[in-house]
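Per-entry structural report
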2 protein chains.
Amino acid sequence: MPFQNEIYKSAFSVDNIIFGFDSDTLKVLLIKRKEDPYGGQWALPGDIVKPTEDLRTSAKRVLEELTGLRDVYLDQVFTFGKVDRHPRGRVITIAYYSLINISNLKIKAASFAEKVMWKEVRSVETLAFDHLKIMETCLARLRQDLKLRPIGFELLPEKFTLTELQRLYEVILEQDLDKRNFRKKILNMNILNTLHELQTGVSHRPAKLYSFDPEKYKEAMEKGVIFEI
Amino acid sequence: MPFQNEIYKSAFSVDNIIFGFDSDTLKVLLIKRKEDPYGGQWALPGDIVKPTEDLRTSAKRVLEELTGLRDVYLDQVFTFGKVDRHPRGRVITIAYYSLINISNLKIKAASFAEKVMWKEVRSVETLAFDHLKIMETCLARLRQDLKLRPIGFELLPEKFTLTELQRLYEVILEQDLDKRNFRKKILNMNILNTLHELQTGVSHRPAKLYSFDPEKYKEAMEKGVIFEI
């Protein structure tokens, strides 16, 4: 196997699966690669980890370059390291996933990307490298975590209606949920603030707005409440 | 930072957290390191990934050298890559955890170990490198997975009583469980075979023996049953 340069003798990269939710669809941020291998193809954003960078620092750098965002949800998912996964040599990659609220967000192509775009997760059919598999693994993790932890709120604007929250769960889990049951579960955990505000700009009767309260969540967990959707 | 040899310019290793359960205690397999750094100290078993090895293959090799076991539960947990985690250079490590039934199991020191022993997880206070943190991360994953998937059975002999199964959950989760509730949950999922055998060698009234049935589990999941303890 030909090695182009020293770093590829054995290197590691990070790849970021950045999920966004757009009222009715789950999206993922993709970049068009500048350089070979796979130049000109769509891929997950990622980069080689610098010698002086912790893994998470590296993932944060990639995320910030593309979105300008710093303090967003970011978690490591899985490390992919098949011997032949990179055509240039042995490169293993550590996948991170992020959840961001995409309303009013500007994205820009970074040093390692020619273009950047949001694409509906369901319509992604091919990606460079083993990135399709990486995306699918991260999607499975997202679905699991969504049921266990209050991470869904990261994908919504700060103020949301219960219908919007339920829609988020339904779209990501790809299953319909019973409205009464869903509301009961969410409200019984006592982790939301009921805002004295109503939804605006809708043609139907405006619904109540809520926000997630991390302090209430912490208290609930300490009392032994189990997060469960 | 001094590099001793080429491979340490940027290398990756696997570390295996091998959990075993011994009727009343959760144990972890530790090795006494042969070589510096940390020569003579207790550590998690692990090794540098060979250029021709997939990550999982490497983790399987380490596990087999120590236990002689091949087809046991093995899952990747997390990759640790702080810049300064290895005194010899940049080495990131991919942690895998295994669950094995330790009754009648012989362990032996491998090429990378001077000694090998089982130690109760709760009594492990120091380990070489960042291995204590790695062990704790894997323990947290074990606790989460135990509630979501039928992995607890991997730690038990093939035939077990419901009391033994409950005890396993209680020891690992460090919480008491209501006997009636536990039995109801387990039996209602319909994933066990009731054996026409009783426990032997006990002074109290012998209890019924059960075994886990992967086929029944698969059927239950297809029917929409949710694994939950």
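Residues numbered from 1 in each chain as written. Chains lettered and ligands numbered in written order. Predicted model: local features only at pLDDT ≥ 70, side-chain atom pairs only at ≥ 80, totals over all residues. Heavy atoms only, no water.

1. Concerning the overall build of chain A
Inclusion rule: Working definition: helices are DSSP H or I runs of at least four residues, strands are E runs of at least two. Numbering for both runs from the N terminus. Three labels apply to residues, based on accessible area from a 1.4 Å probe with only protein chains included: buried if under 20% of the type maximum, exposed if over 50%, partly exposed otherwise in between. Areas reported here follow the Shrake-Rupley algorithm with a probe of radius 1.4 Å; residue values treat only the protein chains shown as occluding. By the counting scheme adopted, Arg and Lys are positive, Glu and Asp are negative, and His together with the chain ends is not counted. Think of each charge as sitting on NZ of Lys, CZ of Arg, CG of Asp or CD of Glu.
Helix and strand content of chain A: 5 helices and 9 strands. Going from N to C terminus, chain A has its helices and strands arranged as β-β-β-β-α-β-β-β-α-α-α-β-β-α. Dimensions along the principal axes, computed over C-alpha positions, put chain A at roughly 65 × 40 × 30 Å. For chain A, with 229 residues in total, the buried portion stands at 50%. Summing over all exposed atoms, chain A offers an accessible surface of approximately 11800 Å²; the carbon and sulfur share of this is 47%. The average position of the 36 basic charges and that of the 33 acidic charges among the side chains of chain A differ by 2 Å.

2. Observations regarding the relation of the copies chain B and chain A
Defined as follows: The atoms used to superpose the copies are C-alpha atoms, taken from residues with pLDDT of at least 70 in both, and the fit is least squares. Whether two residues are in contact is decided by their heavy atoms: any pair within 4.5 Å suffices.
Relative to chain A, chain B is turned by 180 degrees and slid 0.0 Å along the rotation axis, the superposed coordinates differing by an RMSD of 0.0 Å. As the rotation angle and translation indicate, the two copies are arranged about a two-fold axis. Both copies present the same face, since 100% of the interface residues in chain B are matched by interface residues at the equivalent positions in chain A.

3. Focus on the interface of chain B and chain A
The line we're drawing: A quick way to say it: buried area is the sum, across both parts, of accessible area lost when two parts are put together, with a 1.4 Å probe. Salt bridges, as used here, are contacts in which a Lys or Arg side-chain nitrogen is within 4 Å of a carboxyl oxygen on Asp or Glu. Any pair of nitrogen or oxygen atoms within 3.5 Å is treated as a polar contact; in protein, a donor-acceptor pairing is required on top of that, and neighbouring residues in sequence qualify only through side-chain atoms on both sides.
Across the contact, 27 residues belong to chain B and 27 residues belong to chain A. Buried area between chain B and chain A, summed over both chains or domains, comes out near 2000 Å², and the portion from carbon and sulfur atoms is 46%. Of all residues in chain B, the largest losses of buried area upon contact with chain A belong to F12(B), Q76(B) and R90(B), amounting jointly to 24% of the total for that side. Here chain B and chain A share 2 salt bridges between them. With a shortest N-O distance of 3.3 Å, D54(B) and K82(A) are connected by a salt bridge. On inspection of chain B and its partner chain A, the count reaches 15 residue pairs in polar contact (both at pLDDT 80 or more). Counting residues per element, the ones that place at least two in the side of chain B that touches chain A are β1 (11-22), β5 (73-80), β6 (91-100) and α2 (131-148) of chain B. Among the elements that make up the side of chain B that touches chain A, the one with the highest residue count is β5(B) (4 residues).

4. Some words on the pattern of salt bridges
Residue and element names in this part refer to chain A. Tallying each qualifying case throughout the model produces 24 salt bridges over all chains. A salt bridge links D24 to R167; the nearest nitrogen and oxygen atoms lie 2.5 Å apart. Taken as a pair, D24 in the loop between β1 (11-22) and β2 (25-33) and R167 in helix α3 (residues 162-173) lie far apart in primary sequence, 143 residues in all. The exposure class assigned to D24 is partly exposed, which follows from its relative accessible area of 41%.

5. Observations concerning the nonpolar core
The condition is simple: The definition of a nonpolar core used throughout is a set of buried Ala, Val, Leu, Ile, Met, Phe, Trp, Tyr and Cys residues joined through side-chain atoms within 4.5 Å.
Residues F12(A), L66(A), F12(B) and L66(B) are the most contacted members of the largest nonpolar core, which totals 45 residues. Leave out the neighbours within four places in its chain, and L66(A) touches I18(A), L29(A), I31(A), P45(A), K106(A), I107(A), K108(A), A110(A), F112(A) and V116(A).

6. Concerning the confidence of the model for chain A
Going by this rule: Confidence of the prediction at every residue is given by pLDDT, a number between 0 and 100.
Looking at chain A, pLDDT values average 91 and 96% of them are 70 or higher. Low confidence marks residues 1-5 of chain A, where pLDDT is under 50. Its contacts with residues over four positions away, or in another chain, come to 9 contacts.

7. Details of the environment of V77(A)
All names here are of chain A. Along the chain, the position of V77 falls in strand β5 (residues 73-80). Spatially, the C-alpha atoms of V77 and N16 are 9.9 Å apart, while their sequence positions differ by 61 residues. Sequence-distant contacts of V77, defined by excluding residues within four places in its chain, comprise A95, Y96, Y97, T137, C138 and R141.

8. Brief notes about the side chain of E170(A)
Residue and element names in this part refer to chain A. The topology assignment puts E170 in helix α3. At 2.8 Å, the side chain of E170 forms a polar contact with the backbone nitrogen of L177. Dropping the residues within four chain positions of it, E170 is found in contact with Q175, D176 and L177.

9. Some remarks on the state of the cysteines
Here is the rule: Any cysteine sulfur atom paired with another within 2.5 Å is treated as part of a disulfide.
The final tally for this structure, using the stated rule, is 0 disulfides over all chains. For C138(A), which is in no disulfide, the shortest distance to another cysteine sulfur is to C138(B) and amounts to 19 Å.

10. Side note on the packing of α2(B) against helix α3 (residues 162-173) of chain B
All names here are of chain B. Our working rule: Here the axes come from fitting lines to C-alpha atoms, over the contacting stretch only for helices, and the angles between their N-to-C directions go from 0 to 180 degrees. In this scheme the handedness of a crossing depends on how the near helix is turned from the far one: anticlockwise by less than a right angle means left-handed, clockwise means right-handed. Only Asp, Glu, Lys and Arg are considered charged in this grouping, and only Ala, Val, Leu, Ile, Met, Phe, Trp, Tyr, Cys and Pro are considered nonpolar; every other residue, Gly among them, is considered polar.
Where α2 contacts α3, the axes come no closer than 10 Å and their chain directions differ by 145 degrees. At the point where α2 passes α3, the crossing takes the left-handed sense. On the side of α2, the interface is formed by L142, R143, L146 and K147, while α3 contributes Y169, I172 and L173. Taken together, the residues of the contact of α2 with α3 sort by class into 5 nonpolar, no polar and 2 charged.

11. A word on the packing of aromatic side chains
Note the following rule: What counts as a ring pair is set by centres within 6.5 Å for rings of Phe, Tyr and Trp (its six-membered ring), and what kind of pair is set by the plane angle: stacked under 30 degrees, edge-to-face over 60, tilted for all other angles.
According to the stated counting rule, one finds 18 aromatic pairs over all chains in the structure shown. Aromatic ring contacts, followed pair by pair, group F153(A), F160(A), F212(A), Y217(A) and F227(A) into a single cluster.

12. With respect to unusual backbone geometry
The linkage connecting D36(A) with the following residue, P37(A), adopts the cis geometry, with an omega of -5 degrees. As for its position among the elements, P37(A) is in the loop between β2 and β3 (42-43). With phi around 50 degrees, F129(B) is a residue other than glycine that occupies positive phi space. For F129(B), the location among the structural elements is in the loop between β7 (113-120) and α2. In this model, E174(B) sits at a positive phi of 55 degrees, which is unusual for a non-glycine residue. On the basis of relative accessibility, which here comes to 48%, the residue E174(B) falls in the partly exposed class.

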